[in-house]
Amino acid sequence: MKLWLLILSLLLLHGQNSFSQEKDWGDYKEINFPRIDKVSMDNQGFIFLTDPEGNLYQYSKSGNVINNFSPHRQGRVSQLEAAWTINIFTFSSDLQEYRILDRFINPVAENRIPLNLITLAKVATIGNNNIIWVFDEADLSLKQFDFMRNEVVQHQPLNLILDRSSLEITDIREYQNLLFLNIKNEGIFILDNQGNLIKKLKAYPAKNFGFWKNSINFIEKEEITSLDFQSEKQEIFPLPDDFKAFGIFVNQQLVLLFDSSKIRIYQKQNTPLKGK
């Protein structure tokens, strides 16, 4: 009898927790897209995604498609970055091409990575002052490439800075004049704007990571982690019970959760992250 009471109590507790999590997340808009590859969001709440062929789509915060762009040469996008105020950046490791687009996803700069300067660009992201940060896998170095002048203005050997690292970089982002490298199974490394190591964070995103204020937000072990990269204080939030997303973006108004076939758009004030 006592065993049955214990089992019943546990079931009721689980049911209450499930209801609480579902209720905490509230209503949402949804984008259904069967082949999502990369996702990004700008500071106005516009949502951008690519498919495996490198086609780019722009959606409103209500989940309605606004624009799309198809490149002349089809190829998977390795990096999609829309968080900058003016431009959208894409990079394809397969094609060794970068592209910078305006807010209406019209190309304003696009070119091949110059082989005489960078032999094998593995990952890349846009930075300040016409700079593209590039990890050159051929010589294991981090390079600042000025795409307006078509020259490398800085060169830093990462194998010396990050000793004993695999250098299997899965994501790279510039934020608040700092460079963040996500290295598989090793964590997120923070470098200054000269490419010098500042510190390593114990953070292991399942997919992407994004920023809001001083926090890095990502999904790890089917939970949302919000990590202050200055103090290293960490908060954990539950995912909705009915949606095991692997990626997240947060801004002042919205929380985006996504997997490989859909994006959910939540009003931030109705989610567990409302105080973030």
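Reading the values: the criteria
- Residues numbered from 1 in each chain as written.
- Predicted model: local features only at pLDDT ≥ 70, side-chain atom pairs only at ≥ 80, totals over all residues.
- Heavy atoms only, no water.
- Phe/Tyr/Trp six-rings, centres within 6.5 Å; stacked < 30°, edge-to-face > 60°.
- Helix = DSSP H or I, 4+ residues; strand = E, 2+ residues; numbered from the N terminus.
- Buried < 20%, exposed > 50% of the residue type's maximum accessible area, 1.4 Å probe, protein only.
- Pairing = 2+ DSSP bridges.
- Axes fitted to C-alpha atoms, helices over the stretch in contact; angles between N-to-C directions.
- pLDDT = per-residue confidence, 0-100.
- Contact = heavy atoms within 4.5 Å.
- Polar contact = N/O pair within 3.5 Å; in protein donor to acceptor, adjacent residues only side chain to side chain.
- Salt bridge = Lys/Arg side-chain N within 4 Å of Asp/Glu carboxyl O.

Q: Tell me about the packing of aromatic side chains, residues and numbers included.
A: Under the defined criterion, the tally for this structure stands at 13 aromatic pairs. When the centroid spacing of 4.2 Å and the interplanar angle of 10 degrees are considered together, the rings of Tyr175 and Phe211 count as stacked. Taken together, the positions of Tyr175 in strand E14 (residues 169–175) and Phe211 in strand E18 (residues 209–212) put the pair 36 residues apart, joining distant regions of the chain. Of the residues examined, Tyr175 reaches a relative accessible area of 21% and is grouped as partly exposed.

Q: Please set out the sheet that holds strand E16 (residues 187–191) residue by residue, giving values where relevant.
A: The four strands are arranged E14-E15-E16-E17 in an open sheet whose pairing can be described as antiparallel. The strands lining the two open edges of the sheet, one partner per strand, are E14 and strand E17 (197–201). Strand-to-strand twist in this sheet, taken as the mean axis angle between neighbours without regard to direction, amounts to 20 degrees. As paired strands, strand E15 (residues 178–183) and E16 are joined by five bridges and run antiparallel to one another. The residue of E16 that forms the bridge with Leu181 is Phe189.

Q: Mind laying out the confidence of the model for the chain, listing which residues take part and the relevant values?
A: Mean pLDDT over the chain works out to 90, with 92% of the residues at or above the 70 mark. Across residues 1–22, confidence stays below pLDDT 50; counting only partners more than four residues off in sequence or on other chains, it has seven contacts.

Q: I'd love a proper account of the side chain of Ser93, names of residues and values included.
A: Mapped onto the elements of the fold, Ser93 is located in the loop between strand E7 (88–92) and strand E8 (97–101). Within the local environment of Ser93, its side chain forms a polar contact with the backbone oxygen of Ala121, the two atoms lying 3.5 Å apart. Not counting chain neighbours up to four residues away, the residues in contact with Ser93 comprise Ser78, Ala121 and Lys122.

Q: Please provide a residue-by-residue account of the sheet that holds strand E11 (residues 131–136), values included.
A: Spatially, four strands are ordered E10-E11-E12-E13 in an open sheet, and the strand pairing comes out antiparallel. The open sheet has two edge strands with one neighbour each: strand E10 (121–126) and strand E13 (151–157). Taking each pair of neighbouring strands and ignoring which way they run, the sheet shows an average axis angle of 20 degrees. As defined by bridge partners, E10 adjoins E11 across five bridges and the pair is classed as antiparallel. Looking at the pairing, Ala121 lines up with Asp136 of E11.

Q: How would you explain the pattern of salt bridges if you had to name every residue and give the values?
A: This model, assessed by the stated rule, comprises 18 salt bridges. Glu53 is paired through a salt bridge with Arg35; the nearest N and O atoms lie 2.8 Å apart. With Glu53 in the loop between strand E3 (47–50) and strand E4 (56–59) and Arg35 in the loop between strand E1 (28–32) and strand E2 (38–41), the pair connects residues that are 18 residues apart, well separated along the chain. For Glu53, a relative accessible area of 27% corresponds to the partly exposed category. Among the salt bridges present, the one from Asp259 reaches Lys262, with a minimum N-O distance of 3.6 Å.

Q: Any chance you could break down the pairing of strand E21 (residues 234–238) for me, citing the residues and the numbers?
A: Note: strand E20 (residues 223–228) against E21, five bridges, orientation antiparallel. Considered in E21, the bridge of Glu223 is made with Pro238. The turn linking E20 back onto E21 is made up of five residues, and Glu232 within it adopts a positive phi angle of 65 degrees.

Q: Describe the pairing of E20, with residues and values.
A: Walk down a regular strand and you will see the side chains alternate between the two sheet faces. Among the six residues of E20, five are classified as buried, and the element is accordingly described as predominantly covered. Across six bridges, strand E19 (residues 215–220) lies against E20 in antiparallel orientation. Its bridge partner being in E20, Asn217 is matched across the sheet by Ser226. Linkage of E19 to E20, two consecutive antiparallel strands, is achieved through a turn of two residues, within which Lys221 is found at a positive phi near 55 degrees.

Q: Outline the environment of Pro272, listing residues and values.
A: Mapped onto the elements, Pro272 comes out in the segment after strand E24 (262–267). In this structure Pro272 touches Asp24, Trp25 and Phe237, once residues within four positions along its chain are discounted.

Q: Let's hear about unusual backbone geometry: which residues, and what values?
A: At Gln96, a residue that is not glycine, the phi angle is positive and equals roughly 55 degrees. Its place among the elements puts Gln96 in the loop between E7 and E8. A relative accessible area of 10% means that Gln96 is categorised as buried. For Asn130, which is not glycine, the phi dihedral falls at a positive 60 degrees. Counting through the fold element by element, Asn130 comes out in the loop between E10 and E11. Here Asn130 falls in the partly exposed class, since its relative accessible area comes to 37%.

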